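Here are the chains, one letter per residue:
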Amino acid sequence: TSPNTLSLHDALPIYLSKDILQNVQNYTKKRYAIYSNDDPISSINFLEEYANNLHAKKIMIPKGGHFGPKSNIKRIKELEEIILFRKNNKNN
């Protein structure tokens, strides 16, 4: 991993604390984890474990980086589809 990559061990206390995970699960019916396979900040293993711990549907965007300006991602089609589906199907 690069020196700028947050290790799973360092991130666990913040992102995977049982309190935070439980709150997210208590306040959300559906959870989605949108991540890329080449994020320079968070490893793919961390992102997949985070999604698993949230019981989220995993959506991996190939070569999306960290979805910041350097990734050159202008739109995330999968996210737009989720938003439109949820808007049109409020009970799902």
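Residues numbered from 1 in each chain as written. Predicted model: local features only at pLDDT ≥ 70, side-chain atom pairs only at ≥ 80, totals over all residues. Heavy atoms only, no water.

Peer 1: For the overall build of the chain, give the residues involved together with the corresponding values.
Peer 2: Within the chain, the secondary structure is distributed over four helices and two strands. Ordered by position from the N terminus, the helices and strands of the chain form the series α-α-β-α-β-α. For the chain, buried positions account for 25% of its 92 residues. The contacts of the chain with a sequence gap of at least 6 include a subset with a gap of at least 24, amounting to 66%. Of the accessible surface of the chain, which amounts to about 7,000 Å², a share of 53% is contributed by carbon and sulfur atoms. (Helix = DSSP H or I, 4+ residues; strand = E, 2+ residues; numbered from the N terminus. Buried < 20%, exposed > 50% of the residue type's maximum accessible area, 1.4 Å probe, protein only. Contact = heavy atoms within 4.5 Å. Areas by Shrake-Rupley, 256 points an atom, 1.4 Å probe, with all protein chains shown as cover.)

Peer 1: I'd like a rundown of the nonpolar core, residues and numbers included.
Peer 2: The nonpolar side chains of a soluble globular protein tend to be buried, and buried together. Grouped together as the largest cluster of nonpolar side chains are eight residues: L21, A33, Y35, F46, L47, A51, L54 and A56. When residues of this core are assigned to their parent elements, the largest contribution, four residues, is made by helix α3 (residues 44-54). (Core = buried A, V, L, I, M, F, W, Y, C linked by side-chain atoms within 4.5 Å.)

Peer 1: So, the packing of aromatic side chains: which residues are in play, and what are the values?
Peer 2: Evaluation of the coordinates by the stated rule reveals one aromatic pair. With 5.9 Å between their ring centres and 10° between their planes, F46 and Y50 make a pair best called stacked. One end of the pair is F46 and the other is Y50, both in helix α3 and four residues apart, which spans about a single turn. Among the residues examined, F46 registers a relative accessible area of 4% and is labelled buried. (Phe/Tyr/Trp six-rings, centres within 6.5 Å; stacked < 30°, edge-to-face > 60°.)

Peer 1: If you had to explain the pairing of strand β1 (residues 32-36) to someone new, which residues and values would you point to?
Peer 2: As paired strands, β1 and strand β2 (residues 57-61) are joined by five bridges and run parallel to one another. Note on β2: the bridge partner recorded for Y32 is K57. Following the backbone out of β1, through α3 and into the adjacent parallel β2, one traces a crossover that is right-handed. (Pairing = 2+ DSSP bridges. Right-handed = clockwise from strand over helix to strand, strands pointing away.)

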